[in-house]
There are 2 protein chains.
Amino acid sequence: MDRKAAQTLVENMLAGHRLSLARLISKVENRDSSLNLIMEQLYPHTGGAWILGITGPPGSGKSTLVDQMAAHFRKAGKKVAIVAVDPSSPFSGGAILGDRIRMQQHWNDPGVFIRSLGTRGKHGGLSHATKEVVLVLDSARFDVILVETAGVGQTELDILRLAQTVLVVLVPESGDSIQVMKAGLMEIADVFAVNKSDRPESDKLVRELISMVGLMDRPAGGWAVPVHKTEAIRDIGVSELLKALESHHHFLAESGAREWKASEFLKNEVMDILSERLGLRLQEAFETKAGQKLLKQLLGRRMDPYKAAAVFEKIKK
Amino acid sequence: MDRKAAQTLVENMLAGHRLSLARLISKVENRDSSLNLIMEQLYPHTGGAWILGITGPPGSGKSTLVDQMAAHFRKAGKKVAIVAVDPSSPFSGGAILGDRIRMQQHWNDPGVFIRSLGTRGKHGGLSHATKEVVLVLDSARFDVILVETAGVGQTELDILRLAQTVLVVLVPESGDSIQVMKAGLMEIADVFAVNKSDRPESDKLVRELISMVGLMDRPAGGWAVPVHKTEAIRDIGVSELLKALESHHHFLAESGAREWKASEFLKNEVMDILSERLGLRLQEAFETKAGQKLLKQLLGRRMDPYKAAAVFEKIKK
């Protein structure tokens, strides 16, 4: 896509044209050659959305909860985008079904936009694409962007870093609260929801989480992570949960933490861009005669990867 | 650690000193400042090991199978290293317990080395560290290096790329074979094992896998992915499985695929090294006055991340 076409597409999207939005997102996902042109134009229009990350184990009813939250936001007149990311294995058991089931509740509502993203590329490819898709939605003036990921591997943690507020959804069956600790979930959660709270053992999990939160180091004036019970499927506890999430949103703005998070996100974003370019350049370099020679030396163990990296750094300059 | 100390440590390790090996691995894991010195010295001594990747869902008995495989290799007089990587979430349910249970069978055997690696860093940090740990073990003249990962997220796929042979372990309970297809497992598996084969439904899974393998595009003379039944806990089918894995090892050498895989691995390795350096440089750049100014402009939306990336690329030169 050339500069002119990219410009027109972005302008149409900014004017509220739905199809242009969908097309732009596809271009971002597929790393279109006009990607930087697109992002340059979009970027000044971003910063208005509240980006909410949601994670939890398969079977926690996370998607149902996200849908209920979206419905509440809609009732309050807010435009909502849902980005469902599933980088996980076939083994996770609970692939995010994404658009399919969801459309039943929201398909006819222009105030809701839903997109699923799957595993693509490497070297952080998925998290990079996801972050840029969120920036596109942000520029399209969605009030709330719900980013849902399954599990908490490295990719998911990287994705959750773009969120201003992170909700971790658990169910009593998700097992030892020790595992929550082990996986660094305590550090990333701003709010906990214990879903399917009609089940036995849910009170026990709530108590455990509360005591774990209490044990955390928290600076004076810091955010106290609340634990909420929900039963998403019957819409129980969801509006209270939303109030807690909104409190966190206000807390971020008042405490200055919001700017700090935005800085971290932007540094990451620049790194992702440079890293992606580096990968493409390196691929090309290996195709050249000099690159092929270097590869032969590497294969023959007459050169080690660290020396080869140094050679490439010189070539680049 | 200075050059002299790094040199001595590597020399001791190459001479077979066990403690030096463990210390070197820790230095690699923790990204010691002498990392490139270490790797430069090691690298000429690598290339002798057979690197075998093993993946499968939690509960597939993957670790038990790996232990049995190690026992068989030991009986054949081979030195075996096991690297267990678990980048997965607390939700996966089947964290690799690693050293603990294993030590029962192997703790007294100097021909077996076991190490667990957990989630560290980002931008491919874990997969990079894992690959270098494997190179260390390779230089330490282990005949077989078993690299075990849970699940098949991006990190795991990246890790499995370093293996010459990939074994995918499934159990009837791991669900739809369609999921195997969806996750790109068909592309990565060189051999399938259906473990816990005493369970009902295991024959059905074997049949499904065989028919899926049959549907794959395979160039003339290409490798036909075999499906084996095992019952690791009772050592049933393990020696037949090993024969299939060894056939693949020979196939690689004869077909030239081994060199191709080694090339891909080396390209990746150079990319990882450059990417890690880029990250460190960028971190430093953001600490400078110019970097702080740029960050302010980014936060104020007067500069977009793509332009900022271009600015940083100029600074670097």
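Cut-offs used in this document
- Residues numbered from 1 in each chain as written.
- Chains lettered and ligands numbered in written order.
- Predicted model: local features only at pLDDT ≥ 70, side-chain atom pairs only at ≥ 80, totals over all residues.
- Helix = DSSP H or I, 4+ residues; strand = E, 2+ residues; numbered from the N terminus.
- Buried ≥ 20, exposed ≤ 12 C-beta atoms within 10 Å, placed from the backbone.
- Contact = placed C-beta atoms within 7 Å.
- Core = buried A, V, L, I, M, F, W, Y, C linked by C-beta atoms within 7 Å.
- Pairing = 2+ DSSP bridges.
- Domains from an automatic or database assignment.
- Nonpolar A, V, L, I, M, F, W, Y, C, P; charged D, E, K, R; others polar.
- Axes fitted to C-alpha atoms, helices over the stretch in contact; angles between N-to-C directions.
- Parallel < 35°, antiparallel > 145°, perpendicular 65-115°, else oblique.
- Left-handed = near helix turned anticlockwise from the far one by under 90°.
- Arc of directions from axis to C-beta.
- pLDDT = per-residue confidence, 0-100.

**Q** Please give an account of the overall build of chain A that cites residues and values.
**A** When helices and strands are tallied, chain A shows 14 helices and 7 strands. Here chain A holds 317 residues, and the buried ones make up 49% of them. Put simply, of all contacts in chain A between residues at least 6 apart along the chain, 75% involve residues at least 24 apart.

**Q** Residue-level account of the nonpolar core, with values.
**A** With 85 residues, the main nonpolar core has Leu52, Val83, Leu137, Ile145, Leu146, Val147 and Phe192 of chain B as its most contacted residues. Considering every element that reaches this core, the biggest residue donor is helix α6 (residues 125–139) of chain B, with 7 residues. Setting aside chain neighbours within four positions, we find Leu137 of chain B in contact with Ala49, Ala81, Phe113, Phe142 and Ile145 of chain B. If you look at the next biggest cluster of nonpolar residues, it comprises 73 residues, including Ala70, Val85, Val134 and Leu209 of chain A.

**Q** Account for the environment of Val10 of chain A, naming residues and giving values.
**A** Residues and elements named next belong to chain A. Positionally, Val10 belongs in helix α1 (residues 3–14). Separated by 27 residues in sequence, Val10 and Leu37 place their C-alpha atoms 9.6 Å apart. Not counting the four nearest positions on each side in its chain, Val10 is found in contact with Leu24, Ile38, Gln41 and Leu42.

**Q** Quick one: what's the story with the pairing of strand β4 (residues 144–150) of chain A, residue by residue and with numbers?
**A** All names here are of chain A. Within β4, 7 of the 7 residues are buried, which leaves it mostly tucked inside the rest of the structure. Alternating positions in β4 separate into two faces, Val144, Leu146, Glu148 and Ala150 on one and Ile145, Val147 and Thr149 on the other, with burial throughout. Examined bridge by bridge, strand β1 (residues 50–56) and β4 share 7 bridges and lie parallel to one another. Looking at β4, one finds that Leu52 is bridged to Leu146.

**Q** Which residues make up the domain arrangement of chain A, and what are the values?
**A** Residue and element names in this part refer to chain A. Assigned domains within chain A: domain 1 (1–45), domain 2 (46–255) and domain 3 (270–316). When contributions to the side of domain 1 that touches domain 2 are tallied by element, the ones reaching two or more residues are α1, α2 (18–29) and α3 (35–42). Here the side of domain 1 that touches domain 2 gets 6 residues from one element, more than from any other, and that element is α2. Of the residues contributing to the side of domain 1 that touches domain 2, the split by class is 9 nonpolar, 1 polar and 2 charged.

**Q** Describe the packing of helix α4 (residues 62–75) of chain A against helix α11 (residues 238–255) of chain A, and please don't skip the residues or the numbers.
**A** All names here are of chain A. Following both chains from N to C, one finds α4 and α11 inclined at 75°, their axes separated by 10 Å at the closest point. Taken together, α4 and α11 sit at an angle that is classed as roughly perpendicular. Contacts between α4 and α11 pair Gln68, Met69 and His72 from the former with Val238, Ser239 and Leu242 from the latter. Taken together, the residues of the contact of α4 with α11 break down into 3 nonpolar, 3 polar and no charged.

**Q** Which residues make up the pairing of strand β2 (residues 80–86) of chain B, and what values go with them?
**A** Counting buried positions over the 7 residues of β2 of chain B gives 7, a clear majority of the element. On β2 of chain B, burial covers both faces: Val80, Ile82, Ala84 and Asp86 of chain B on one face and Ala81, Val83 and Val85 of chain B on the other are all buried.

**Q** Summarise the packing of helix α1 (residues 3–14) of chain B against helix α2 (residues 18–29) of chain B; cite the residues concerned and give the values.
**A** Residues and elements named next belong to chain B. The geometry of α1 relative to α2 is characterised by a closest axis approach of 7 Å and an angle of 130° between their N-to-C directions. Accordingly, the angle class assigned to the pair α1 and α2 is oblique. As α1 packs across α2, the resulting crossing turns out to be left-handed. When α1 is examined against α2, the residues Leu9, Val10, Asn12 and Met13 are found in contact with a partner set consisting of Ser20, Leu21, Arg23 and Leu24. Across the contact of α1 with α2, the residue classes tally to 5 nonpolar, 2 polar and 1 charged.

**Q** Kindly report on helix α13 (residues 289–299) of chain A, identifying the contributing residues and their values.
**A** Every α-helical turn comprises 3.6 residues, leaving residues that sit three or four positions apart pointing alike. All names here are of chain A. What α13 keeps buried is the set Gly291, Leu294 and Leu298. Considered in projection along α13, the buried side chains sweep an arc of 60° and stay on one side of the axis. Away from its buried face, by an angle of more than 90 degrees, α13 presents the exposed residues Lys289, Lys293 and Lys296. At the C-terminal side of α13, Arg301 shows a positive phi close to 60°.

**Q** Explain unusual backbone geometry residue by residue, including any values.
**A** Residues and elements named next belong to chain A. The phi angle at Arg31 is positive, at roughly 55°, despite the residue not being glycine. For Lys196, which is not a glycine, the phi torsion comes out positive at approximately 55°. Considering the arrangement of structural elements, one finds Lys196 in the loop between β6 (191–194) and α10 (202–215). Using a count of 21 C-beta atoms within 10 Å as the deciding quantity, one classes Lys196 as buried.

**Q** Describe the environment of Lys314 of chain A, with residues and values.
**A** Structurally, the position occupied by Lys314 of chain A is in helix α14 (residues 305–316). Residue classification places Lys314 of chain A among the exposed residues on the basis of 8 C-beta atoms within 10 Å.

**Q** Talk me through the confidence of the model for chain A; I want residue IDs and the actual numbers.
**A** Residue and element names in this part refer to chain A. Across chain A, the average pLDDT comes to 84, with 85% of residues at 70 or higher. Confidence drops under a pLDDT of 50 for residues 89–100, and excluding neighbours within four residues, the segment shows 33 contacts in the predicted structure. The ipTM for the predicted assembly is 0.81, set against a pTM of 0.78.

**Q** Pulling in residues and values, what's your account of the environment of Val238 of chain A?
**A** Residue and element names in this part refer to chain A. Counting through the fold element by element, Val238 comes out in helix α11. Once the C-alpha coordinates of Val238 and Glu284 are considered, the two residues, 46 residues apart in sequence, prove to be 51 Å apart. Once residues lying within four places of it in the same chain are set aside, the contact partners of Val238 are Gln68, Met69, His72, Thr230 and Ala232.

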